[in-house]
Amino acid sequence: MKKRWISLLCCLALAVSLLPARCAASREVDLPVVMYHHISPKPKLWGNYVISPEQFERDLQYLSTQGYTAITARQLIAWCDGEGELPEKPVMITFDDGYESTAVYAQPLLEKYGMTAVVAIIGAVAQQYTDQPDHMLDYSHMSWEQVEQMDAAGTFEIQCHTYDMHKLKPRQGCSSMSGEDMAAYTSALTQDVERFQTVMEARLGRRAEVLVLPFGFYCANTIRAARQLGFRAVFTCTERVNHLTGAADELMELCRFNRPSGPDSAAFFAKMTA
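Here's what I pulled together on the structure shown here. (Residues numbered from 1 in each chain as written. Predicted model: local features only at pLDDT ≥ 70, side-chain atom pairs only at ≥ 80, totals over all residues. Heavy atoms only, no water.)

**Details of the overall build of the protein**
- In terms of helices and strands, the protein carries nine helices and twelve strands.
- Once the C-alpha set of the protein is aligned to its principal axes, its extents read approximately 85 × 45 × 35 Å.
- In the protein, buried positions account for 48% of the 274 residues.
- Residue pairs in contact within the protein that sit at least 24 positions apart in sequence constitute 66% of those at least 6 positions apart.
- With an accessible surface of roughly 13300 Å², the protein has 55% of that area assigned to carbon and sulfur atoms.
- Distance from the positive charge centre (25 side chains) to the negative charge centre (32 side chains) of the protein: 8 Å. (Helix = DSSP H or I, 4+ residues; strand = E, 2+ residues; numbered from the N terminus. Buried < 20%, exposed > 50% of the residue type's maximum accessible area, 1.4 Å probe, protein only. Contact = heavy atoms within 4.5 Å. Areas by Shrake-Rupley, 256 points an atom, 1.4 Å probe, with all protein chains shown as cover. Lys, Arg positive; Asp, Glu negative; His and termini not counted. Charge placed at Lys NZ, Arg CZ, Asp CG, Glu CD.)

Below is the structure:
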């Protein structure tokens, strides 16, 4: 009888020792993030950063039939905080720059397929189209009023693409300039981001939780500065599926796949399972 109890206790101890490992494994998830920019029905504009409305719809159809569920950045952040669960096959759909075509073409299609997406707004460009309205869809961007309408509709989550660092000179995106020390760099990034956050808070009643890096350019100090500025996630342009375990630091360099015109949906999304 004594040996039987010892054997039972050993089995119980083994089961308990395995429980944390199983719990940890259940928190692991592969998250592909797709990066779109501009949508146009004009073939002459199609290229690395412009696709047709039909191609975007085929992408949504493919994701839907393959069992993917689109999530927002806030859902991902909440999951990392231990609040709620992610779907079995999550995917994140993102749009950079805030083109007006995002509202005209992407929003109705996302609503049609019951999906959500993240759109990164360039503050200075949104202000430009607020001050000087222009609705030429070949190049036009959303005004702040249109951003407010999009936010109210709930299909898109609005995030930060900087206020005015979407340039290639004298600074390349969010990277540091030659000879610039950390204090000067952090000050420049802080001034730009705070300007964006001030406008977003006035317009939408909240601050952005995600910094989307223009052109994917950044330096060793960017992530540290972004964390100090209160961002919970940073989107890069590195192409890789994100393997996440729930650690907050994993969200500070999230990878994304740029969606060019050309490859069919199956061929493009094959990258996510390779």
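Following the structure, the description resumes.
**Details of the state of the cysteines**
- Per the stated rule, a full pass over the model turns up zero disulfides.
- Cys-174 provides the cysteine sulfur closest to Cys-160, a residue in no disulfide bond, and the two sulfurs are 8.0 Å apart. (Disulfide = S-S within 2.5 Å.)

**Observations regarding the packing of helix 2 (residues 53-65) against helix 4 (residues 100-112)**
- Relative orientation of the contacting elements helix 2 and helix 4 amounts to 25°, with a least axis distance of 10 Å. It follows that helix 2 is roughly parallel to helix 4 by the angle criterion. Considering the relative orientation of helix 2 and helix 4, their crossing is right-handed. On helix 4, the residues that touch Pro-53, Phe-56, Glu-57 and Leu-60 of helix 2 are Tyr-105, Ala-106, Leu-109, Leu-110 and Lys-112. (Axes fitted to C-alpha atoms, helices over the stretch in contact; angles between N-to-C directions. Parallel < 35°, antiparallel > 145°, perpendicular 65-115°, else oblique. Left-handed = near helix turned anticlockwise from the far one by under 90°.)

**Quick notes on unusual backbone geometry**
- In this chain, Lys-169 is followed by Pro-170 through a cis amide linkage whose omega measures 0°.
- Following the sequence through the fold, Pro-170 ends up in the loop between strand 8 (156-160) and helix 7 (182-204).
- Here the phi dihedral of Thr-162 falls at roughly 75°; this positive angle occurs in a residue that is not glycine.

**Here's the deal with the packing of helix 7 against helix 8 (residues 220-228)**
- Taken N-terminus to C-terminus, the directions of helix 7 and helix 8 make an angle of 50°; their axes are 10 Å apart at the nearest point. Classified by the angle their axes make, helix 7 and helix 8 are oblique. The element helix 7 and its partner helix 8 pack so that their crossing is right-handed. Contacts from Met-182, Tyr-185, Thr-186 and Leu-189 in helix 7 reach Asn-221, Thr-222, Arg-224, Ala-225 and Gln-228 in helix 8.
- Its residues placed into classes, the contact of helix 7 with helix 8 shows four nonpolar, four polar and one charged. (Nonpolar A, V, L, I, M, F, W, Y, C, P; charged D, E, K, R; others polar.)

**A short note on the packing of aromatic side chains**
- One pass over the structure, following the stated rule, counts eight aromatic pairs.
- Here Tyr-36 and Phe-56 contribute two aromatic rings whose centre-to-centre distance is 5.0 Å and whose plane-to-plane angle is 85°, an arrangement assigned as edge-to-face. Linking Tyr-36 in strand 2 (residues 33-36) with Phe-56 in helix 2, this pair joins segments that are 20 residues apart in sequence. Of the two residues, Tyr-36 and Phe-56, both sit in the buried class.
- Plain terms: the ring middles of Phe-268 and Phe-269 are 4.9 Å apart, the flat faces sit at 75° to each other, and that makes the pair edge-to-face.
- Among the aromatic side chains, those forming a connected cluster through ring pairs are Tyr-36, Phe-56, Phe-95 and Phe-156.
- Across from the ring centre of Tyr-68, 4.4 Å away, lies the NZ or CZ of Lys-89, which sits over that ring. (Phe/Tyr/Trp six-rings, centres within 6.5 Å; stacked < 30°, edge-to-face > 60°. Lys NZ or Arg CZ within 6 Å of the ring centre and 35° of its normal.)

**So, the nonpolar core**
- By size, the foremost hydrophobic cluster in this structure holds 53 residues, and its most contacted members are Phe-56, Ile-93, Phe-95 and Ile-121.
- The biggest single contributor to this core is helix 7, with seven residues.
- One finds Leu-31, Val-33, Leu-76 and Leu-254 within the second-largest nonpolar core, a separate group that totals 20 residues. (Core = buried A, V, L, I, M, F, W, Y, C linked by side-chain atoms within 4.5 Å.)

**Some points on the environment of Pro-41**
- Among the structural elements, Pro-41 can be located in the loop between strand 3 (38-39) and strand 4 (50-51).
- Sequence separation of Pro-41 and Gln-107 is 66 residues, and the distance between their C-alpha atoms is 15 Å.
- When residues no more than four places from it in sequence are discounted, the contact partners of Pro-41 are Trp-46, Pro-53 and Tyr-105.

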